[in-house]
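Next come the chains, spelled out residue by residue.
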Amino acid sequence: MANIKITHTTQWDNFHFNGPFPLKTHYDIDTNRNIRTLINRFNDSAAEIQKLIQDSLDCNERLRAYGSAWSLSNVAQQGDRMLYNARLNIQQEIKDEQLHELTPHLSENLFFFQCGTTVKEITEYLFDKGKSLKACGASNGQTIAGAISTGVHGASINEGSIQDCVVGLQIIIGPGPGDIVYLERETEPALNDEFAVSINARPIRHDGLFNAALVGLGAFGIIHGVVLEAEDLYLLKRYVKKIKPSEALEIAASMDFDNAAFRILEETNPDGTVTIPYHYKLYINPYKATEDFVTEIIYKKPYRSDYPDPVPFVKKAIFKDIPTWVSNFAAKHKKLIPKILDALKSEAFPEVDETIEGTLGEIFWDTSQSSAAFGCAFGIDNKDSTKALKLFIELMNEKGPIPGILSMRFVKQSAATLAFTKFPVTCVLEVDGIPWKANQNMISLDDFLTEVIKSFTANHIGFALHWGKNAPWGFPGLIDTMFGDKDDEWKDMRSALLTKQMADMFSNDFLNTVKLADYRTQLTGDALAARALVTANG
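Criteria and thresholds
- Residues numbered from 1 in each chain as written.
- Predicted model: local features only at pLDDT ≥ 70, side-chain atom pairs only at ≥ 80, totals over all residues.
- Heavy atoms only, no water.
- Helix = DSSP H or I, 4+ residues; strand = E, 2+ residues; numbered from the N terminus.
- Rg over C-alpha atoms; globule rule 2.2 N^0.38 Å.
- Buried < 20%, exposed > 50% of the residue type's maximum accessible area, 1.4 Å probe, protein only.
- Contact = heavy atoms within 4.5 Å.
- Areas by Shrake-Rupley, 256 points an atom, 1.4 Å probe, with all protein chains shown as cover.
- Phe/Tyr/Trp six-rings, centres within 6.5 Å; stacked < 30°, edge-to-face > 60°.
- Lys NZ or Arg CZ within 6 Å of the ring centre and 35° of its normal.
- Pairing = 2+ DSSP bridges.
- Axes fitted to C-alpha atoms, helices over the stretch in contact; angles between N-to-C directions.
- Salt bridge = Lys/Arg side-chain N within 4 Å of Asp/Glu carboxyl O.
- Disulfide = S-S within 2.5 Å.
- Parallel < 35°, antiparallel > 145°, perpendicular 65-115°, else oblique.
- Nonpolar A, V, L, I, M, F, W, Y, C, P; charged D, E, K, R; others polar.
- Core = buried A, V, L, I, M, F, W, Y, C linked by side-chain atoms within 4.5 Å.

Draft legend 1. Summary view of the overall build of the protein chain. Helix and strand counts for the protein chain come out as 18 helices and 22 strands. Relative to the 2.2 N^0.38 estimate, which gives 24 Å for 538 residues, the radius of gyration of the protein chain is 23 Å and therefore close to what a compact globule would have. Taking the principal axes of the C-alpha coordinates as reference, the protein chain spans close to 60 × 60 × 45 Å. Buried residues in the protein chain amount to 59% of all 538 residues. Within the protein chain, contacts between residues at least 6 apart in sequence are counted, and of these 73% link residues at least 24 apart. When the accessible area of the protein chain is evaluated, it comes to approximately 21,200 Å², of which 50% is carbon and sulfur surface.

What follows is the structure in structure tokens.
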């Protein structure tokens, strides 16, 4: 059986030290390495997780799984019991005979990963197979289950977020023999029923249910297995240039690179058109917003092996650990914050006029930020990006100054029901920096972000917030403001998949705060059809 270490404790914290949060019991699970067959070892882990669920029910306590604890919000936290699953990292190729007869996918591009496999581990595994993820976040320490559950977005203009590479989910929804399900879209089947049976799961194919569970916030059960679609290995060529704010923001609002005043000569075709970049990111000092923007532009290239190692250069561009004293100093001397941030630009911004090439895993390499940090990300329509940036900078100067640096990335819309990358082209407007304690001289982070929400709402700028980052999650009516009726669809699908008892098991304070813990006993339409599929063989 899988190995489980039990620790009775009083508190838990995340990777970025945004807690501590209360916790009674911590479970650390690892696969039984003595079981040689990977699928048998995988199934053994699932069985042990089901025993933990049953024990939690018997003790009238809740249980939630987590991986790298990467989220800055308390989305992963549960005060009763938490299951650390980052050692569950089985990785396996998909064979032709496991494909669904109607699948549009090729077996050579499909891979099966256990929930605790990190993005870095996936990248290294795929590299050895001559494959790559289509997109990833700016760092690579997240587990795959955690990354998709909170909608880790990356910055690929045409590829979307990590969850948009997922074509199958194995989820443990209870302790019983029929309480392991394998979800896919009905309109895009990937693997056959025999594969589902091999992982002791019931296959359920339903588009609405699958899309809701993708960014499920840990609320749909314990994701134990993920089927990802990869692609052939490629290189990314990264340029870092300075661009006038007006020109940079014109591109941001239109995504029209062909007619932009700014262009890179090496990426300009003989007919005057340009190559559309894979990635476009603006770095902005909010206290010197008239300065030219440091801009990172990345292009996708065919893979070749004879490229210089980019990692030494990438290391220099990563936001490095900033001592706590900087945060304390900033809280006491807020007028000096703009000068501090200007001095720290070399730590937070990539070096201008530097060009490097590397794989996805090399360009978006390891993060070094393991000390206290804050981060908030607003997903907005790229057409509103100039207006939103102006309002954000005004608030940072009027209500702050805030010890953070701004950036803007651009991501293709996700199909997940509650993905915060919900616009056709989502501009991810981010502020990242060092945390501080509010005092008579300085507004709190939550109060500042509340002002941003009020300003965006008053100026009719639609937005959604990154689930894994800092935000005033208790802001009245926040979820309805962000998603309209989509949150009702999500709750309906969750209620279709889970019993009321299990929905409560997988709830937590975060879900209660954002008003997503509601259980629906009366379902209609698509949700009722989903429930019929769930109960048919349960």
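Draft legend 2. Structural view of the packing of aromatic side chains. Counted by the stated rule, this structure contains 25 aromatic pairs. Between Phe220 and Trp490, the aromatic rings sit 5.2 Å apart at their centres with planes inclined by 75°, giving edge-to-face as the arrangement. In this pair, Phe220 is assigned in the loop between helix 5 (207-214) and strand 13 (222-229) and Trp490 in helix 15 (residues 486-497), connecting sequence segments 270 residues apart. Here Trp490 falls in the buried class, since its relative accessible area comes to 0%. The structure contains a cluster of three or more aromatic residues connected by ring pairs, namely Phe378, Phe392, Phe448, Phe456 and Phe463. Lys300 extends its terminal NZ or CZ atom over the ring of Tyr234, reaching a point 4.4 Å from the ring centre. Across from the ring centre of Phe483, 5.6 Å away, lies the NZ or CZ of Lys422, which sits over that ring.

Draft legend 3. Region of interest: the sheet that holds strand 19 (residues 374-381). In spatial order, the strands read 18-15-17-16-20-21-19-22; together these eight strands make up an open sheet with antiparallel pairing. The open sheet has two edge strands with one neighbour each: strand 18 (355-358) and strand 22 (463-465). Strand-to-strand twist of the sheet, defined as the mean angle between neighbouring strand axes without regard to direction, takes the value 20°. Examined bridge by bridge, strand 16 (residues 279-284) and strand 20 (residues 404-412) share three bridges and lie antiparallel to one another. Paired with Ile284 across the two strands is Leu406, which belongs to strand 20. Packing of helix 12 (residues 385-398) onto the sheet brings it into contact with strand 16, strand 17 (293-302), strand 19, strand 20 and strand 21 (425-433), and relative to strand 20 it is tilted by some 160°. Running at roughly 5° to strand 19, helix 13 (residues 445-458) makes contact with strand 19, strand 21 and strand 22 of the sheet.

Draft legend 4. The arrangement of the pattern of salt bridges in detail. Throughout the structure, instances matching the rule amount to 31 salt bridges. Of the charged contacts, one joins Glu61 and Lys24 as a salt bridge, the two residues approaching to 3.4 Å between their closest N and O atoms. Linking Glu61 in the loop between helix 1 (38-58) and strand 5 (63-66) with Lys24 in the loop between strand 3 (21-22) and strand 4 (25-30), this pair joins segments that are 37 residues apart in sequence. Exposure remark for Glu61: the relative accessible area of 17% places this residue in the buried category. Across the pair Arg87 and Asp28 runs a salt bridge whose closest N-O atoms are separated by 2.8 Å.

Draft legend 5. How the structure looks around the state of the cysteines. In total, this model carries zero disulfides according to the counting rule given. Of all cysteine sulfurs in the structure, the one in Cys427 sits closest to Cys376, which takes part in no disulfide; the separation is 13 Å. The exposure class of Cys376 is buried, given its relative accessible area of 1%.

Draft legend 6. Looking closely at the environment of Ala532. As for its placement among the helices and strands, Ala532 is situated in helix 18 (residues 525-536). C-alpha of Ala532 to C-alpha of Leu497: the two residues are 35 residues apart in sequence and 9.5 Å apart in space.

Draft legend 7. Spatial organisation of the packing of helix 5 against helix 15. At a minimum axis distance of 9 Å, the contact between helix 5 and helix 15 shows a crossing angle of 105°. On the basis of the axis angle, helix 5 is roughly perpendicular to helix 15. Along the contact surface, helix 5 presents Gly208, Leu209 and Ala212, while helix 15 presents Trp490, Met493 and Leu497. Of the residues contributing to the contact of helix 5 with helix 15, the split by class is five nonpolar, one polar and no charged.

Draft legend 8. Geometry of the sheet that holds strand 4. The strand order across the open sheet formed by four strands is 1-4-6-5, and the pairing between neighbours is mixed. Looking at which strands have only one partner, the edges of the open sheet turn out to be strand 1 (3-8) and strand 5. Across this sheet, the average inter-strand angle for adjacent strands is 20°, counted without regard to direction. Examined bridge by bridge, strand 5 and strand 6 (residues 81-84) share four bridges and lie parallel to one another. Counterpart to Tyr66 in the pairing with strand 6 is Tyr84.

Draft legend 9. Here's a closer look at the nonpolar core. Ranked by size, the top nonpolar core spans 160 residues in total, and within it Leu169, Tyr280, Phe378, Phe456 and Trp467 carry the most contacts. It is helix 12 that contributes the most residues to this core, seven residues altogether. In terms of nonpolar packing, the next biggest core, distinct from the first, is built from seven residues, Trp12, Tyr66, Ala76 and Met82 among them.

Draft legend 10. Structural view of the pairing of strand 4. In terms of burial, strand 4 is largely enclosed, as six of its six residues are buried. Burial along strand 4 is two-sided: Thr25, Tyr27 and Ile29 facing one way and His26, Asp28 and Asp30 facing the other are all buried. Judged from the six bridges that link them, strand 1 and strand 4 form a sheet pairing that is antiparallel. Looking at strand 4, one finds that Thr7 is bridged to His26. Relative to strand 6, strand 4 runs parallel, the two being bridged by four bridges. When the sheet's bridge partners are listed, Thr25 is paired in strand 6 with Arg81.

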